[in-house]
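# Structural features, examined
Residues per chain, in single letters:
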Amino acid sequence: MAKNQLGLRPANSAALPCKICDEATELYGVVDMHRPCLIQGVSHPPLSGLPIYYRRCGKCGFLFTDAFDDWSEDEFRTHIYNDGYLAVDPDYVTVRPTGNAGLVSSLWAAHKDSIRVLDFGGGNDVFCSALRASGFREAVTYDPMVPEHARAPDGRFDLVTCFETLEHLPDPVAGIAEIIECIAEPGAVFYSTLTQPADFDRMGLSWWYVGPRNGHISIFTRQSLALAWARHGFRNVSLNDGTHLAFRTLPEQWGLTALQ
């Protein structure tokens, strides 16, 4: 299928502003549109013949493509989050949400009777179902890409979780703004997205996490994550390479004031 038939934005050889810090970015590399994340046991789908060019910011390190910037949510559902998606992300259904629920339950168990939890980009509600089953008073799933959970949540939430979502955002600063609209004050976002490793310059786009077929179109460094949240007055603390906490003010009863 021709690129213009899919509505992909053509590659531009001119320098364009970084989506995080506005620094000029150049083209960095290219992969096929059907390239998935390189996960053990996941086979490559046939090549599409459609090149997806990524840019990388020399200042904050943010790696991104603008190829999908003109797509609607329906186009993402049709071409990325379709019936073939599970073949390239088999952990989406049960393994990842169940593991994440266990982590959140262990960290916030003492507060499960009092906090409202929203899972932003939560997909199939497995994560929130597990939290509710473990005694959390309220755990709500919101995901605009999943019709059953696309209704905007009511009110604000003490804890917003957001697992493996930011890397899917074509406009991460605007996407973070949507997440922030859901957060109570004090409150926090506990989320995951894998940041670029120290040897990314050596690996480039061969790094396993770069995969447009999985919808991985925004790949962060710790610096670019901090800058993205700071644009909204939030502090971001990276707990490790893949797990992060963003907040303005943390609830005192959580006992995390050392992070502030």
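The structure this text deals with has already been given above.
Below is a short write-up of the structure. (Residues numbered from 1 in each chain as written. Predicted model: local features only at pLDDT ≥ 70, side-chain atom pairs only at ≥ 80, totals over all residues. Heavy atoms only, no water.)

### Side note on unusual backbone geometry
Glycine aside, a negative phi is what most residues show, and trans is what most peptide bonds show. Backbone torsion omega between Glu-185 and Pro-186 reads 5 degrees, so that peptide bond is classified as cis. When you line up the elements, Pro-186 lands in strand E8 (residues 183-192). Positive phi, normally seen in glycine, also occurs at Glu-164, with a value near 50 degrees. Locating Glu-164 in the fold gives a position in the loop between strand E7 (157-163) and helix H6 (172-180). (Helix = DSSP H or I, 4+ residues; strand = E, 2+ residues; numbered from the N terminus.)

### As for the packing of aromatic side chains
Within this structure, the stated rule accounts for 19 aromatic pairs. Aromatic side chains Trp-71 and Phe-76 sit 5.1 Å apart centroid to centroid with 80 degrees between the ring planes, which places their arrangement in the edge-to-face category. A ring pair is formed by Tyr-81 and Tyr-85, whose centres lie 5.5 Å apart and whose planes are at 65 degrees; its orientation type is edge-to-face. We classify Tyr-81 as partly exposed; its relative accessible area is 23%. An aromatic cluster is present here, built from Phe-68, Trp-71, Phe-76, Tyr-81, Tyr-85 and Tyr-92 joined pairwise through their rings. One Lys or Arg, Arg-116, reaches over the ring of Phe-157 and ends 4.0 Å from the middle of that ring. (Phe/Tyr/Trp six-rings, centres within 6.5 Å; stacked < 30°, edge-to-face > 60°. Buried < 20%, exposed > 50% of the residue type's maximum accessible area, 1.4 Å probe, protein only. Lys NZ or Arg CZ within 6 Å of the ring centre and 35° of its normal.)

### Description of the side chain of Thr-25
Of note, Thr-25 is situated in strand E2 (residues 24-32). Residues within four places of Thr-25 in sequence aside, it is in contact with Ala-14, Ala-15, Leu-16, Pro-17, Cys-18, Arg-55, Arg-56, Cys-57 and Phe-64. (Contact = heavy atoms within 4.5 Å.)

Any functional reading would require information that these geometric values do not contain.
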